[in-house]
Amino acid sequence: MGISQYIKQIGRRNGGRPLTREQAADLFARVLDGAASDLEVGAFCLAMRLKGETPEELCGFLDATHARLHLVPASERPLVVLPSYNGARRLPVLTPLLALLLAQRGASVLVHGTPTESGRVFAASVLRALDLHPLERVRAIAPGEAAYLPTALLNPRLAWLLQARQLIGLRNSGHSVVKLMNPCAGDAVIVSSYTHAEYGTSMTEVFETLGASALLLRGTEGEAAADARRVPAMEGFRRGRREVLEERQSGSLATLPDLPREIDAESTAAYTQDVLAGRRPVPAAVAAQVEHILRLASP
């Protein structure tokens, strides 16, 4: 069985009709199980991109995804999860710095991702420049450890769906799923970001519905790390209960943070090492984010 009946529902000319959570779960399960043809998957990606996912549909996609992930084993403390799929084009990608600052404070940190386009610097490249190489298998993450896990180890078909961007030229629902999913068999704090306000509204509803623990912010070019230039608004969720952690910093900047001028992997890695060693200051926005994440991950 394919997914044509769902494509017909979401792809109507005068506005597609939303799927129920159960329908969305069934559709995405068929995509991840390889039960839909490549042509159907392409049509689904385009139709959903034009219509936009509802929070209920996202919950259904996540239901199907969580049932098919090769999960990271649970540990005593919640795992801090940093999705990293956007990379950097104009500013240094600071997701590795955020991960390593958290690990310095004793947190277990998992960065998961896969490069999905050219012309950007991705967290995996910065971590390699820091001599931190991707995991080769799914395993538990120790306290004080930051590890990078390619998406293909969590679910190969999910990674394949993400790679469809290179053929289609547009993001698809898989990119929304990976920013919301919990790849851990136990408790986790999902650090997620959005680029447009409407996505933030949908993501808030998903975290509330699923009873997730998470930190949500408008990230740097879509990455999970806070924009180092000013403190962004941040929301926290404890088992689905929302709280405002930071109001957006307004007004003109008095000073600019001490960031590297180049955004390539080697320059970003050198900057990260300097900050970790105390030779350069931690950007105030990232320092605030670290504290909020640690509180959300505490008992």
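Structural notes, computed from the coordinates. (Residues numbered from 1 in each chain as written. Predicted model: local features only at pLDDT ≥ 70, side-chain atom pairs only at ≥ 80, totals over all residues. Heavy atoms only, no water.)

1. Considering the nonpolar core
The following threshold applies: The definition of a nonpolar core used throughout is a set of buried Ala, Val, Leu, Ile, Met, Phe, Trp, Tyr and Cys residues joined through side-chain atoms within 4.5 Å. Remark: exposure states derive from per-residue accessible area (1.4 Å probe, protein chains only) relative to the maximum for the residue type, with buried under 20%, exposed over 50%, and partly exposed in between. By definition in these notes, contact holds between two residues if any of their heavy atoms fall within 4.5 Å.
Of all hydrophobic cores here, the largest spans 52 residues; its most connected members are Ile3, Phe28, Phe44, Phe61, Leu79, Met181 and Phe207. Discounting chain neighbours no more than four positions away, the residues touching isoleucine 3 are Leu27, Arg30, Val31, Ala36, Glu40, Val41 and Phe44. In this structure, Val80, Leu101, Leu102 and Ala297 belong to the second largest nonpolar core, which totals 45 residues.

2. A word on the pattern of salt bridges
Operational definition: A carboxyl oxygen of Asp or Glu within 4 Å of a side-chain nitrogen of Lys or Arg is what we treat as a salt bridge. Helix and strand assignments come from DSSP, with helices taken as H or I runs of at least 4 residues and strands as E runs of at least 2, each series counted from the N terminus.
Across all of its chains, the model carries 14 salt bridges by this definition. As a salt-bridge pair, aspartate 187 and arginine 239 come within 3.2 Å of each other at their nearest N and O atoms. Taken together, the positions of aspartate 187 in the loop between α10 (173–178) and β4 (188–194) and arginine 239 in the loop between β6 (234–238) and β7 (241–246) put the pair 52 residues apart, joining distant regions of the chain. Under the relative-accessibility criterion, aspartate 187 is labelled partly exposed at 45%. Salt-bridge contacts for glutamate 243 lead to arginine 238; the nearest nitrogen and oxygen are separated by 3.7 Å. According to the relative accessible area criterion, glutamate 243 is partly exposed, its value standing at 32%.

3. Let's talk about the side chain of asparagine 172
Within the secondary structure layout, asparagine 172 lies in the loop between α9 (165–168) and α10. Excluding residues that lie within four positions of it along the chain, asparagine 172 makes contacts with Cys45, Glu53, Leu161, Ala164 and Arg165.

4. Structural notes on the packing of aromatic side chains
For clarity, the cut-off: Any pair of Phe, Tyr and Trp rings, taking the six-membered ring for Trp, is counted once the centres come within 6.5 Å. Such a pair is stacked with planes under 30 degrees apart, edge-to-face with planes over 60 apart, and tilted for the rest. Our definition puts a charge over a ring when NZ of Lys or CZ of Arg is within 6 Å of the ring centre and also within 35 degrees of the ring normal.
With the rule as written, the count across this model stands at 4 aromatic pairs. Here the aromatic rings of phenylalanine 44 and phenylalanine 61 are separated by 5.9 Å at their centres, their planes lie at 85°, and the arrangement is edge-to-face. Of the two residues, phenylalanine 44 is situated in helix α3 (residues 38–51) and phenylalanine 61 in helix α4 (residues 55–66); the sequence distance between them amounts to 17 residues. Taken individually, phenylalanine 44 and phenylalanine 61 each receive the classification buried, so the pair is uniform in this respect. Residues phenylalanine 207 and phenylalanine 237 carry aromatic rings whose centres are separated by 5.4 Å and whose planes lie at 50° to one another, so their mutual orientation is tilted. Within this pair, whereas phenylalanine 207 is found in helix α11 (residues 197–210), its partner phenylalanine 237 is found in strand β6, the two being separated by 30 residues in sequence. Judged by relative accessible area, phenylalanine 237 falls into the buried class, the value being 0%. A cation over a ring is seen here: arginine 157 above tryptophan 160, with NZ or CZ 3.9 Å from the ring centre.

5. Here we look at the sheet that holds strand β2 (residues 109–113)
Spelled out, the test is: Strands pair, by our definition, only if DSSP identifies at least two bridges between them. Geometry is summarised by axes, namely lines fitted to C-alpha atoms with helices restricted to the contacting stretch, and by angles between N-to-C directions that run from 0 to 180 degrees.
The 7 strands lie next to each other as β3-β2-β1-β4-β5-β6-β7, forming an open sheet whose pairing is mixed. The strands lining the two open edges of the sheet, one partner per strand, are β3 (146–150) and β7. The average undirected angle you get between the axes of adjacent strands in this sheet is 20°. Together, β1 (79–83), β2 and β3 form the strand contacts of helix α5 (residues 95–104), whose direction differs from that of β2 by roughly 160°. Packed onto the sheet, helix α13 (residues 284–296) meets β1, β4, β5 (213–218), β6 and β7 and runs at close to 10° relative to β6.

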